[in-house]
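Residues per chain, in single letters:
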Amino acid sequence: MSLQIQMLGTGSAFAKTFYNTSALIRSNERNLLIDCGSTTPKSLYDIQLQPDQIDGIVISHIHADHVGGLEEMAFRLLYESNQKKTKLYLTQAIADTLWENTLKGGMYNPEDGYHSLEDYFDVIVIEEQVPVVIGPGLTIELVPTLHISSKPSYSLFINDRIFYSADVRFSEELLIHEVAAKRNCHTIFHDCQLSGQGFIHATLDELLTLPEHIQQRIYLMHYADNMSDFIGKTGHMRFAAQHEIIDLPE
Ligand SMILES: Nc1ccn([C@@H]2O[C@@H]3COP(=O)(O)O[C@H]3[C@H]2O)c(=O)n1
Ligand SMILES: [Zn+2]
Ligand SMILES: [Zn+2]
């Protein structure tokens, strides 16, 4: 069994030199996409991966840098790949609003029989905080975390031992108690706002308050275009690089 994560993008919502933060989990020939932002299809194109080679997409929350590429993925599967549907893993809270408030504008096409999310995707509604088997050697669990108040938003545990924050505010409780102490995650992918106050994202200054043994497990992602100004200033944490493939212990 092998498990790898390839960062398709490591940029913030407004980054222009990095693609939107999104990752490809590669496990035993299966490809699971975490989020699909507006620039994710171009990143997949760069690594020569076609939409029909993606086995599933899991959605953390509804912001364009995390779901803005779904329309293209669905249309290309439909019109270029023989009406193939990809699996879309999401919670009920996300399913309730993704179609109605984000995708319907471009994708509602009753004339041809396209009325809902299910007409484009093989929708798999998953419970919060319940691990779901994606395939042999791969489980994911979506845990609700705080990003924008009143907007459903999730971080992920992969095989219980890898934490992927998606977009979250800094939380010592989450990182020190849940991720490090309780689950003993060996690898952590965390969003990082490099400067300014972190109203809705964890800032670098906040992450630098974590103990060294936790920082050592952290790859920083979702950073702005001025990332290079911060090389050498991230304590024991590393920047995840775009298209970098990281081998993960299972
Ligand atoms: N209350 C908010 C809401 C949004 N934003 C900015 O918009 C971006 C949407 O994608 P994101 O990756 O969550 O980052 C958000 C902020 O840059 C913000 O700065 N404050
Ligand atoms: Zn984001
Ligand atoms: Zn967001």
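Being a predicted model, the structure only gives us computed values, none of them experimental.

A.B. asks: Tell me about helix α3 (residues 70-80), residues and numbers included.
C.D. replies: Restricting attention to buried positions, one finds in α3 the residues Leu70, Met73, Ala74, Arg76, Leu77 and Leu78. Of the surrounding elements, those touching the buried residues of α3 are β3 (30-34), α1 (40-46), β4 (56-58), α2 (64-67), β5 (87-90) and α4 (92-107).

A.B. asks: Residues and numbers for the side chain of Asn31, please.
C.D. replies: Residue position: Asn31 is located in strand β3. With sequence-adjacent residues up to four places away left out, Asn31 is seen in contact with Leu24, Ile25, Arg26, Leu49, Gln53, Ile54, Asp55 and Gly56.

A.B. asks: I'd like a rundown of the coordination of the zinc ion (ligand 2), residues and numbers included.
C.D. replies: In the first shell of the zinc ion (ligand 2), the protein supplies Asp65 (OD), His66 (NE2), Asp167 (OD) and His222 (NE2), at 2.1 to 2.2 Å from the metal. Ordering the donors of the zinc ion (ligand 2) by residue number gives the pattern D-H-x100-D-x54-H. Here the zinc ion (ligand 2) and the zinc ion (ligand 3) are spaced 3.6 Å apart, with Asp167 acting as a shared donor. Of the two residues, His66 sits in helix α2 while His222 sits in the loop between β12 (218-221) and β13 (238-239), which places them 156 residues apart along the sequence. For His222, a relative accessible area of 5% gives the class buried.

A.B. asks: Talk me through the environment of Asn31; I want residue IDs and the actual numbers.
C.D. replies: Residue Asn31 is classed as buried on the basis of its relative accessible area, which comes to 10%. The spatial distance from the C-alpha of Asn31 to the C-alpha of Gly135 is 10.0 Å, given a sequence separation of 104 residues.

A.B. asks: Break down the UniProt feature "domain: Metallo-beta-lactamase" (unreviewed entry) in the protein chain for me, with residues and values.
C.D. replies: Within this structure's numbering, the places UniProt gives as "domain: Metallo-beta-lactamase" (unreviewed entry) are residues 19-222. Overall, residues 19-222 shows 28% helix and 25% strand. The separation of its end C-alpha atoms is 9 Å.

A.B. asks: Describe the site of ligand 1, and please don't skip the residues or the numbers.
C.D. replies: Neighbouring residues of ligand 1: Ala13, Phe14, His63, Asp65, His147, Ile148, Asp167, Ile200, His201 and His222. Asp167 places a polar side-chain atom, nitrogen or oxygen, 3.0 Å from an oxygen atom of ligand 1. Expressed as a share of its isolated accessible area of 430 Å², the protein-covered part of ligand 1 is 60%. For the shell around ligand 1, the class distribution of residues is four nonpolar, four polar and two charged.

A.B. asks: Run through the coordination of the zinc ion (ligand 3), naming residues and quoting values.
C.D. replies: The textbook angles at a metal center are 109.5 degrees for a tetrahedron of four donors and 90 or 180 degrees for an octahedron of six. Taken together, His61 (NE2), His63 (ND1), His147 (NE2) and Asp167 (OD) make up the protein donors of the zinc ion (ligand 3), found 2.2 to 2.3 Å from the metal. Counting along the primary sequence, the residues that act as donors to the zinc ion (ligand 3) give the motif H-x1-H-x83-H-x19-D.

A.B. asks: Give a description of the pairing of strand β2 (residues 22-27) that names residues and reports values.
C.D. replies: Counting buried positions along β2 yields five of six residues, so the element is predominantly enclosed. Judged from the five bridges that link them, β2 and β3 form a sheet pairing that is antiparallel. Across the sheet, Ser27 pairs through a bridge with Arg30, a residue of β3. Where β2 folds back onto β3 in an antiparallel hairpin, the turn is made up of two residues, including Asn28, whose phi is positive at roughly 45 degrees.

A.B. asks: So what's going on with the environment of Ile134? Which residues, and what values?
C.D. replies: Inspection of the secondary structure assignment puts Ile134 in strand β7 (residues 132-135). Relative accessible area serves as the criterion here: at 10%, Ile134 is assigned to the buried category. Residues Ile134 and Gly196 lie 62 residues apart in sequence; the distance between their C-alpha atoms is 38 Å. Among all residues touching Ile134, those that are not within four sequence positions of it are Arg30, Leu32, Tyr89, Thr139 and Ile140.

Calculation rules
- Residue numbering note: each chain is counted from 1, following its sequence as written.
- All chains are assigned letters beginning at A, and all ligands numbers beginning at 1, according to the order in which they are written.
- Predicted model: local features are reported for residues with pLDDT of at least 70 only, side-chain atom pairs are reported and counted for 80 or more only, and whole-chain, interface and lining totals are derived from all residues.
- Each side-chain value is worked out from all heavy atoms of the structure, with water and hydrogens disregarded.
- Three exposure classes are used, based on accessible area relative to the maximum for each residue type with a 1.4 Å probe and protein chains only: buried under 20%, partly exposed in between, and exposed over 50%.
- Numbered from the N terminus, helices here are DSSP runs of H or I no shorter than four residues, and strands are runs of E no shorter than two.
- We call two residues contacting when some pair of their heavy atoms lies within 4.5 Å.
- Counted as donors are N, O and S atoms no farther than 2.8 Å from the metal, or 3.2 Å for Na, K and Ca; water is not among the atoms, and sites may therefore look incomplete.
- UniProt positions are given in the numbering used here, feature names are shortened, and annotations may be inferred rather than shown by experiment.
- Nearness is judged by heavy atoms alone; a residue qualifies as near a molecule or strand once a single heavy atom is within 4 Å of it.
- Here a polar contact means two N or O atoms within 3.5 Å. Within protein one must be a hydrogen donor candidate and the other an acceptor candidate, and residues neighboring in sequence count only if both atoms are side-chain atoms.
- Exposure was quantified through the Shrake-Rupley algorithm and a 1.4 Å probe, taking into account, for residues, occlusion by the shown protein chains and nothing else.
- Each residue gets one label: Ala, Val, Leu, Ile, Met, Phe, Trp, Tyr, Cys and Pro are nonpolar, Asp, Glu, Lys and Arg are charged, and the others, such as Gly, are polar.
- The rule for pairing is simple: two strands pair if DSSP sees at least two bridges between them.

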